[in-house]
Amino acid sequence: MNIQITSDKYCPVTDWDPFSDEALADPFSFYEELRAHGPVVYLSRYACWAVLDFLVITDVLNNWQDYSSADGVGLENYHKEKGWRPKSIILEVDPPDHDKTRRVLTRVLSRPAMEKMRRDFAIGAEKLVSELVARKTFDGVADLAEVYPLKVFPDAVGLNKEGRENLLPYGSLVFNATCPHNQLFENAFKEAEPIIEWIMSQCSREALTKDGLGAHIYAAVEQGVVNEDEAGMLVRSLLSAGVDTTVNGIGNALHCFAKFPDQWQILKNDPSLARTAIDEVLRFEGGVMSFFRTTNKDVELCGTTIPAHEKILILFSAGDRDPKKWQDPDKFDITRNTKGHLGFGAGVHTCVGQMVARLEMELVLAELVRQVDHIEITADPVRKLNNSLRGLASLPLRVS
Ligand code: PQS
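About the criteria used
Residues numbered from 1 in each chain as written. Predicted model: local features only at pLDDT ≥ 70, side-chain atom pairs only at ≥ 80, totals over all residues. Heavy atoms only, no water. Helix = DSSP H or I, 4+ residues; strand = E, 2+ residues; numbered from the N terminus. Buried < 20%, exposed > 50% of the residue type's maximum accessible area, 1.4 Å probe, protein only. Salt bridge = Lys/Arg side-chain N within 4 Å of Asp/Glu carboxyl O. Pairing = 2+ DSSP bridges. Phe/Tyr/Trp six-rings, centres within 6.5 Å; stacked < 30°, edge-to-face > 60°. Near = heavy atom within 4 Å. Polar contact = N/O pair within 3.5 Å; in protein donor to acceptor, adjacent residues only side chain to side chain. Areas by Shrake-Rupley, 256 points an atom, 1.4 Å probe, with all protein chains shown as cover. Nonpolar A, V, L, I, M, F, W, Y, C, P; charged D, E, K, R; others polar.

### Observations regarding the environment of Asp 120
Here comes step 1: Structurally, Asp 120 can be placed in helix H5 (residues 111-135).
Here comes step 2: Judged by its relative accessible area of 38%, Asp 120 is partly exposed.
Here comes step 3: C-alpha of Asp 120 to C-alpha of Asp 155: the two residues are 35 residues apart in sequence and 9.2 Å apart in space.

And the structure:
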């Protein structure tokens, strides 16, 4: 690979396309080549900047005043254009507006709710993993990673049983929307209308069960914290961010442990490592590869001046392989200290659903640890390309 670099704008300039199939399939070598030129680069193809280094990324994410989410976290700049959907009232806003909606979801996902989910999700994990272990060969993505979250999470939200097949295509819209008008975006949006319509119809109070996370969001209306429309929008946030992400998380975890049997044995010998193992999967595989922020004013970043209302691509998965932060960053090592990894972001927008994601990943891993000695890959895994998510379409496995 060869990235063209010229020096301009007081930082390296490159025509590298982070949203090309080649880069999405294997971004890590590109990151290192770019990083050699500096922590901040200008992407001429998209007229935006990109940040690669762990410390620079955390600085940007912790500075919501200068690096705003309110103009969108994709390449679309709401300062200048309209987005593909009404913007999220928790993701695409800054404090103080953000704090009000964030508090609602924090409360909805607090301890009592998590304890109920743990009981329900554990039953689902035991049942599914037992079935697959009996079969011995299965697809880690199609039969496990895509099945488990799609069962347990919509049940927890209190969603209708019908139409759930729309959830993954909707996630594909949400996460491909960061790069409008490339082929992945166009494909995802080809037949988007009925999918978007179904999602929105499921966000109303009437569509949800009386005791799920959705109903708990609506309880905030009675308390006068949000209005009815806002409650619906927060249900939409759960459905946007809560499915594809954990499908990839589980698929990537299976992939890692199948690829690195020594790490599987370490986990087998000490199942209490499951929690840190999840963090290492997120650091190493980078489930969410990138998202954007928008400058609120002229800023100086690592000696580069970036004007107001410009887009900055945050390369989370580059930060999580930054050798200045991580020793031997390209090694999958579940015993390492993963504290601070960017798999759930950083700053005020740090993943509010991470307890749910952790729970799903942990329960699937724990059940596999209980039932399986060896995991092997029986045919080449197939990548699923997405403009912001890293995951697989297929992972043929045999367990024994
Ligand atoms: C929404 C919230 C969060 C929403 C990056 C973004 C997201 C993981 C990584 C995400 C997407 C959508 N999740 O509020 O609709």
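Moving on from the coordinates now.
### Here we look at the pattern of salt bridges
Here comes step 1: Under the counting rule described, the total for this entry stands at 28 salt bridges.
Here comes step 2: Between Lys 324 and Asp 53 there is a salt bridge; the shortest N-O distance is 2.8 Å. Within this pair, whereas Lys 324 is found in the loop between helix H16 (316-319) and helix H17 (354-371), its partner Asp 53 is found in the loop between strand E4 (48-51) and helix H3 (54-62), the two being separated by 271 residues in sequence.
Here comes step 3: Its relative accessible area of 7% is what places Asp 53 among the buried residues.
Here comes step 4: Note that Arg 164 and Asp 155 form a salt bridge whose closest N and O atoms lie 2.8 Å from each other.

### A short note on the pairing of strand E14 (residues 396-399)
Here comes step 1: Both strand E6 (residues 137-139) and E14 contribute to a ladder of three bridges, which runs antiparallel. Within the sheet, the bridge partner assigned to Phe 138 lies in E14 and is Leu 397.
Here comes step 2: Across three bridges, the pairing between strand E11 (residues 375-377) and E14 is antiparallel. Counted as the bridge partner of Ile 377 is Leu 397 from E14.

### Focus: the packing of aromatic side chains
Here comes step 1: All chains considered together, the criterion is met by 16 aromatic pairs.
Here comes step 2: Both rings, one in Trp 16 and one in Tyr 31, keep their centres 6.5 Å apart while their planes meet at 85 degrees; by these two values the pair is edge-to-face. One end of the pair, Trp 16, is in the loop between strand E2 (11-14) and helix H1 (21-25); the other, Tyr 31, is in helix H2 (residues 28-35), and 15 residues separate them in sequence. Here Trp 16 matches Tyr 31 in class, with each residue buried.
Here comes step 3: Arranged with centres 5.8 Å apart and planes meeting at 85 degrees, the rings of Phe 260 and Phe 284 form a pair that is edge-to-face.

### Remarks on the site of the ligand
Here comes step 1: Neighbouring the ligand are the residues Arg 85, Ser 88, Ile 90, Leu 91, Val 174, Phe 175, Ser 237, Ser 240, Ala 241, Val 288 and Phe 291.
Here comes step 2: One of the side-chain N or O atoms of Arg 85 is found 2.8 Å from an oxygen atom in the ligand.
Here comes step 3: A distance of 2.6 Å separates an oxygen atom of the ligand from a polar side-chain atom of Ser 88.
Here comes step 4: Its free accessible area being 360 Å², the ligand has 83% of it covered by the protein chains.
Here comes step 5: Those elements that provide at least two residues to the shell around the ligand are helix H8 (167-176) and helix H12 (228-241).
Here comes step 6: With three residues, the top contributor of residues to the shell around the ligand is H12.
Here comes step 7: For the shell around the ligand, a count of residues per class yields seven nonpolar, three polar and one charged.

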